[in-house]
Amino acid sequence: MTDPANTSVINFGAGPAKIPQEVLKNVQRELLSYANTKISILELSHRSNDFKKIIDDAQASVRDLLNIPDNYKVLFMQGGGTGLFAAVPLNLMYKSGTADYLVTGSWSAKAAKEAGKYGKVNLVLPKQSKYTEIPDPSTWNLDPNAAYVYYCDNETVHGVEFNYIPETNGVPLVADMSSNILSRPFDISKFAVIFAGAQKNIGPAGVTLVIVRDDVLGNAMSVCPTIFDFSVMANDNSVHNTPPTFQIYVMGRVFDWIKRNGGVEGMEKLANLKSKVIYDIIEESKGFYTCPVRRDVRSRMNIPFRIGNNDEELEQEFLSGAVARGMLQLKGHRSVGGIRASLYNAVTEEDTQTLASYMRWFYQVHRE
Ligand SMILES: *Cc1c(COP(=O)(O)O)cnc(C)c1O
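This one's a predicted model, so the numbers in the text were calculated from it and none came from an experiment. Residue numbers here run from 1 along each chain, matching the order of that chain's written sequence. Totals for whole chains, interfaces and linings use every residue, but because this is a predicted model, local features are given only for residues with pLDDT of at least 70 and side-chain atom pairs only at 80 or more, for both listing and counting. Side-chain metrics rest on all non-hydrogen atoms present in the structure, leaving aside hydrogens and water.

Caption draft 1: How the structure looks around the site of the ligand. Lining the immediate surroundings of the ligand are Gly80, Gly81, Thr82, Phe85, Trp107, Cys152, Asn154, Thr156, Asp176, Ser178, Gln199 and Lys200. Under this definition, polar contacts are N or O atom pairs within 3.5 Å; protein pairs additionally need one hydrogen-donor-capable and one acceptor-capable atom, and for neighbouring residues in sequence, both atoms have to be side-chain atoms. Tryptophan 107 has a polar side-chain atom sitting 3.5 Å from an oxygen atom of the ligand. Between the ligand and lysine 200 there is a distance of 2.5 Å, counted from an oxygen atom to a side-chain nitrogen or oxygen. The secondary structure listing takes helices from DSSP runs of H or I that are at least 4 residues long and strands from runs of E that are at least 2 residues long, numbered from the N terminus. Here the shell around the ligand takes four residues from helix H3 (residues 80-92), the largest share from any one element. Across the shell around the ligand, the residue classes tally to three nonpolar, seven polar and two charged. A molecule or strand has a residue near it when one of that residue's heavy atoms lies within 4 Å. Residues are sorted three ways: Asp, Glu, Lys and Arg are charged, Ala, Val, Leu, Ile, Met, Phe, Trp, Tyr, Cys and Pro are nonpolar, and all the rest, Gly among them, are polar.

Caption draft 2: Structural view of the packing of aromatic side chains. Two aromatic rings, drawn from Phe, Tyr or Trp (for Trp, its six-membered ring), form a pair once their centres lie within 6.5 Å of each other, and the interplanar angle then sorts them: stacked below 30 degrees, edge-to-face above 60, tilted otherwise. Across all of its chains, the model carries 21 aromatic pairs by this definition. Centre to centre, the rings of tyrosine 151 and phenylalanine 162 are 4.7 Å apart; their planes meet at 70°, and the pair counts as edge-to-face. Taken together, the residues span a long stretch of sequence, with tyrosine 151 in strand S5 (residues 149-152) and phenylalanine 162 in the loop between strand S7 (160-161) and strand S8 (173-176) at a distance of eleven residues. The exposure class of phenylalanine 162 is buried, given its relative accessible area of 1%. Consider the rings of phenylalanine 288 and tyrosine 289, whose centres lie 4.9 Å apart with planes at 75°: the pair is edge-to-face. Partly exposed residues are those whose accessible area sits between 20% and 50% of the maximum for their type, while under 20% is buried and over 50% is exposed, using a 1.4 Å probe and protein chains only.

Caption draft 3: Fine view of the sheet that holds strand S2 (residues 72-77). Think of it this way: DSSP has to see at least two bridges between two strands before they count as a pair. Ordered in space as S2-S10-S9-S8-S5-S3-S4, the seven strands form an open sheet in which the pairing is mixed. Edge positions in the sheet fall to S2 and strand S4 (120-123), since each of these pairs with one other strand and no more. Here the average twist between neighbouring strands, direction ignored, is 20°. Relative to S8, S5 runs parallel, the two being bridged by four bridges. Axes here mean lines fitted to C-alpha atoms, for a helix over just the part in contact, with angles spanning 0 to 180 degrees between N-to-C directions.

Caption draft 4: Region of interest: unusual backbone geometry. Of note, the amide linkage connecting glycine 15 to proline 16 takes the cis form, showing an omega dihedral of -10°. Of note, lysine 286 is a non-glycine position whose phi angle comes to about 55°, a positive value. Assignment of secondary structure puts lysine 286 in the loop between helix H7 (263-284) and strand S11 (289-290).

Caption draft 5: Structural view of the sheet that holds S11. Overall, antiparallel pairing links the three strands, which are arranged S11-S12-S14 in an open sheet. Because the sheet does not close on itself, it has two edges, and the strands there are S11 and strand S14 (339-342). In terms of strand pairing, strand S12 (residues 302-307) meets S14 through four bridges, oriented antiparallel. Directly across from phenylalanine 305, in S14, lies its bridge partner isoleucine 339.

Caption draft 6: Representation of H3. Spanning 13 residues, H3 covers 18 Å between terminal C-alpha atoms, matching the ideal 18 Å at 1.5 Å per step. Within H3, the axis deviates most sharply at alanine 86, by approximately 25°, and proline proline 89 lies no more than four positions further along. Most of H3 is tucked away: eleven of the 13 residues are buried. When H3 is considered as a whole, its buried residues turn out to be Gly81, Gly83, Leu84, Phe85, Ala86, Ala87, Val88, Pro89, Leu90, Asn91 and Leu92. For a helix, the expected span equals 1.5 Å multiplied by the residue count minus one. What we call the bend at a residue is the angle made by axes fitted to the seven residues finishing there and the seven residues starting there.

Caption draft 7: Expanded view of the side chain of threonine 208. One can find threonine 208 in strand S10 (residues 208-213). Here glycine 80 takes part through its backbone oxygen, which lies 3.3 Å from a polar atom of the side chain of threonine 208. Those residues in contact with threonine 208 that sit more than four places away from it in its chain are Leu75, Phe76, Met77, Gly80, Gly81, Leu84, Phe195, Ala196 and Gly197. In what follows, residue pairs with any heavy atoms lying within 4.5 Å of each other are defined as contacts.

Caption draft 8: A look at the nonpolar core. In this structure, Tyr289 and Phe318 are the most contacted members of the largest nonpolar core, which totals 85 residues. Counting residues per element, this core draws most heavily on helix H6 (residues 245-260), which supplies eight residues. The contact partners of phenylalanine 318, leaving out residues within four places of it in the chain, are Tyr289, Phe305, Ile307, Ile339, Leu355, Tyr358, Met359 and Phe362. Note on terminology: a nonpolar core comprises buried Ala, Val, Leu, Ile, Met, Phe, Trp, Tyr and Cys residues joined through side-chain atoms within 4.5 Å. In terms of nonpolar packing, the next biggest core, distinct from the first, is built from 33 residues, Leu75, Met77, Val88 and Val216 among them.

Caption draft 9: Representation of a negative patch on the surface within the structure. Like charges are joined within 9 Å and nonpolar side chains (Val, Leu, Ile, Met, Phe, Trp, Tyr) within 5 Å, but only among residues with over 30% relative accessible area and no salt bridge; these make up the patches. Shrake-Rupley sampling with a 1.4 Å probe provides the accessible areas, and residues are treated as covered by the protein chains on show and by no other component. Here a salt bridge means any side-chain nitrogen of Lys or Arg lying within 4 Å of a carboxyl oxygen belonging to Asp or Glu. This count recognises Lys and Arg as positive and Asp and Glu as negative, with His and chain-terminal groups excluded. Every charge is mapped onto a representative atom, which is NZ of Lys, CZ of Arg, CG of Asp or CD of Glu. Residues Asp311, Glu312, Glu313 and Glu317 make up a contiguous surface patch of negative charge. Structurally, aspartate 311 is set in the loop between S12 and helix H8 (312-324).

Caption draft 10: How the structure looks around helix H4 (residues 106-115). Where H4 is concerned, the buried positions are Ser106, Ser108, Ala111, Ala112, Glu114 and Ala115. Buried residues belonging to H4 abut H3, strand S3 (98-101), S4, S5 and strand S6 (154-155).

Caption draft 11: Expanded view of the pairing of S12. Burial runs high along S12: six of the six residues are buried. In S12, alternate side chains face the same way, and those of Asn302, Pro304 and Arg306 on one face and Ile303, Phe305 and Ile307 on the other are all buried. Pairing analysis gives two bridges linking S11 to S12, with the strands arranged antiparallel. Each bridged residue has a counterpart across the sheet, and for tyrosine 289 the counterpart in S12 is isoleucine 307.

Caption draft 12: Examining the pairing of S5 more closely. Covered by surrounding structure in S5 are Val149 and Tyr151 together with Tyr150 and Cys152, the residues of both alternating faces. Of the strand pairs in this sheet, S3 and S5 are connected by two bridges, and their pairing is parallel. Bridged to aspartate 100 within S5 is valine 149.

Structure representation (structure tokens):
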């Protein structure tokens, strides 16, 4: 019998995205009977000791990977990244009813809009027509009385990534790291809340990793849904109601895979190397491939680019050729067009080189 796992294609999707082959095979092997339980992980009680061990191990692994100190809680929540767009103001707007939002792309724009339902949103940056840069901090209009400052560390659609942590002068900082968490080390003490939907860089859709500093707990608005209340989730160790058990289990396996592959430092090295390969080809193509994003904020995870001066026919040809060669989900987001290559942790250097070779070949064939 042939191996049903299709190793001959490469998934460059932006999310749900590639999960390490090794993790998928492991999950497949264990699916019918988890550990010594004789039942599937999908059937296992969320109150069982076996599941408690899964959740505790996953927490311990991510604490270890990101050096998370004891004054932070690690939560596994539901509602996706979008759920947190609401949960953040519902938990954090207690101080002044106002929050500062750095809008650098479509995800932070959505978060700001959602927060506006619960309080006053101060848009810190001048409005941008296209999200291709991050205005210099000297131009930011920060409110010293804001309850928190919010930003998106990596804009998945526009390919804009921060290469520094914003300075807030003591105002609690909140980051959406959905599409770049565990791709580089950072100083966690700078943050009050970090969240990340799992389906980009750390696992399957359906669970959101949330890291919360103790001092912001206990202040949720009275209208905050119980399952969005960080304090309730912290007290109940993320098992207030039935959690996404399967997703937490797979995510824990991805954490262990990262540990075995050089940890966050290893992922950073790889991310720098992979993204450089693709950006170099874009630069060397003399305008055949173009990336609209300013060089200093180009994402290491999601690379949007256009071909032949935004030639949609040529882009379609590129995408069809990619599919024929086993490279999937390279189509750009509908709001941006063109191509988007997502190079998350699970995308290997070899995968990236396959795309690079194709891009070079396509350039040779089509350049004027
Ligand atoms: C995908 C994404 C989201 C939304 O996640 P959902 O789980 O679909 O709600 C939020 N922020 C960023 C940066 C994302 O990439």
